[in-house]
Amino acid sequence: MDQTSASTLRKASLNTPTDLGQNARIDISGALTALLGDVFALYLKTKNFHWHLSGPHFRDFHLMLDDQAGQLIGMTDAIAERARKIGGATLRSVGHIARVQRLLDNDADFVTADDMLAELKSDNEQLIGIMRQVHDLTSEHGDVATTSLLEGWVDEAEGRVWFLFESNRKS
C-alpha cells in the first residue's frame, strides 16, 4: 500500500450505521472525546490524591477517593464506545487526553487533605457543568442513548460532590 492510500484510509469515514446525521455524529463524538479527556484527568487526580493523602481521616478519605476513582474509570469505556457507536473516533493516547482535557492537573509535591477534597469537589462540579452542556447537545440532536447515559453520570458526580462537601465540612 502506498503512502497516499494509507493517508486516505486514515481519514476515511467509519461508515458506522446510525440514524444520527453527519453533523450530530461529528458534534457528539467530539464532545464525548473532550468529556473522556476530562474524566481521565479527574480519575488520575483522584487516584493521585488517594495515593498521597495523609492526616487523621486517612482511612476514610483513602477509601472514599478509591470508590470515586472507580466510578470515574467505570465511565471511560462507555463514553469511548458511545462515540464509536455513532461513527466517531475517540482518544488515542495520553497526549490526546492532555490536548482535550479542560480540568486542571495537580502536580504539587504536597496538598493537604482539606485542599484535596475541596479541589476534587470543584472539579466534579466543573465536570457536572460539562456533562450538562453535552446533554444539551445530545438532546438537541435527538441522541436519546447518549442523553440517558449522561443523566446517570450527572447523578453519580452529584453524589461525589456531596460526599466531598460533607467530608470536608468543619464541625
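Residues numbered from 1 in each chain as written. Predicted model: local features only at pLDDT ≥ 70, side-chain atom pairs only at ≥ 80, totals over all residues. Heavy atoms only, no water.

Draft legend 1. Spotlight on the overall build of the protein. A count of helical and extended segments in the protein gives 6 helices and 0 strands. Taking the principal axes of its C-alpha atoms as reference, the protein extends roughly 60 × 35 × 20 Å. Looking at the protein alone, contacts between residues at least 24 apart form 80% of all its contacts between residues at least 6 apart. The average position of the 17 basic charges and that of the 25 acidic charges among the side chains of the protein differ by 5 Å. (Helix = DSSP H or I, 4+ residues; strand = E, 2+ residues; numbered from the N terminus. Contact = heavy atoms within 4.5 Å. Lys, Arg positive; Asp, Glu negative; His and termini not counted. Charge placed at Lys NZ, Arg CZ, Asp CG, Glu CD.)

Draft legend 2. Representation of the side chain of asparagine 106. Following the sequence through the fold, asparagine 106 ends up in the loop between α4 (94-100) and α5 (113-140). At a separation of 2.9 Å, a polar atom in the side chain of asparagine 106 contacts the main-chain amide nitrogen of alanine 108. Setting aside residues no more than four positions away along its own chain, asparagine 106 makes contact with Lys45, Asn48, Phe49, Val111 and Glu119. (Polar contact = N/O pair within 3.5 Å; in protein donor to acceptor, adjacent residues only side chain to side chain.)

Draft legend 3. Up close: the packing of helix α2 (residues 22-52) against α5. Relative orientation of the contacting elements α2 and α5 amounts to 165 degrees, with a least axis distance of 11 Å. Classified by the angle between their axes, α2 and α5 sit roughly antiparallel to one another. Here α2 and α5 pass one another in a crossing that is left-handed. Within the contact between the two elements, α2 uses Asp27, Ile28, Ala31, Leu32, Leu35, Asp38, Val39, Leu42, Lys45, Thr46, Phe49 and His52 and α5 uses Met116, Glu119, Leu120, Asp123, Asn124, Leu127, Ile130, Met131, Val134, Leu137 and Thr138. Looking at side-chain class alone, the contact of α2 with α5 contains 14 nonpolar, 4 polar and 5 charged residues. (Axes fitted to C-alpha atoms, helices over the stretch in contact; angles between N-to-C directions. Parallel < 35°, antiparallel > 145°, perpendicular 65-115°, else oblique. Left-handed = near helix turned anticlockwise from the far one by under 90°. Nonpolar A, V, L, I, M, F, W, Y, C, P; charged D, E, K, R; others polar.)

Draft legend 4. A look at the nonpolar core. Core analysis: the largest hydrophobic core is formed by 40 residues, its most contacted members being Leu35, Ile79 and Met131. Counting residues per element, the ones that place at least two in this core are α2, α3 (58-85), α5 and α6 (144-168). Residues contacting leucine 35, with those up to four places away along its chain left out, are Ile79, Arg102, Leu127, Ile130, Met131 and Leu150. (Core = buried A, V, L, I, M, F, W, Y, C linked by side-chain atoms within 4.5 Å. Buried < 20%, exposed > 50% of the residue type's maximum accessible area, 1.4 Å probe, protein only.)

Draft legend 5. Region of interest: the packing of aromatic side chains. For the coordinates displayed, the defined rule picks out 1 aromatic pair. Residues tryptophan 162 and phenylalanine 163 carry aromatic rings whose centres are separated by 5.3 Å and whose planes lie at 90 degrees to one another, so their mutual orientation is edge-to-face. (Phe/Tyr/Trp six-rings, centres within 6.5 Å; stacked < 30°, edge-to-face > 60°.)

Draft legend 6. Region of interest: the pattern of salt bridges. Across all of its chains, the model carries 9 salt bridges by this definition. Of the charged contacts in the structure, one is a salt bridge between aspartate 123 and lysine 45, with a shortest N-O distance of 2.5 Å. Remark: lysine 45 occurs in helix α2 and aspartate 123 occurs in helix α5; sequence separation between them is 78 residues. Taking relative accessible area as the criterion, aspartate 123 reaches 7% and is therefore assigned buried. When its relative accessible area of 5% is taken as the criterion, lysine 45 is described as buried. Taking the shortest distance from any N to any O, the salt bridge between arginine 132 and glutamate 158 comes out at 2.7 Å. On the criterion of sequence distance, the pair formed by arginine 132 in helix α5 and glutamate 158 in helix α6 is long-range, its members being 26 residues apart. Put simply, Lys45, Glu119 and Asp123 are held in one network by salt bridges that share partners. (Salt bridge = Lys/Arg side-chain N within 4 Å of Asp/Glu carboxyl O.)

Draft legend 7. Representation of the packing of α5 against α6 within the structure. Relative orientation of the contacting elements α5 and α6 amounts to 160 degrees, with a least axis distance of 9 Å. Judged by the angle between their axes, α5 and α6 are roughly antiparallel. The way α5 lies across α6 gives a crossing that is left-handed.

Draft legend 8. Structural view of the side chain of asparagine 124. Of note, asparagine 124 is situated in helix α5. At a separation of 2.9 Å, a polar atom in the side chain of asparagine 124 contacts the main-chain carbonyl oxygen of leucine 120. Residues contacting asparagine 124, with those up to four places away along its chain left out, are Leu42, Gln68, Ala157, Arg160, Val161 and Leu164.

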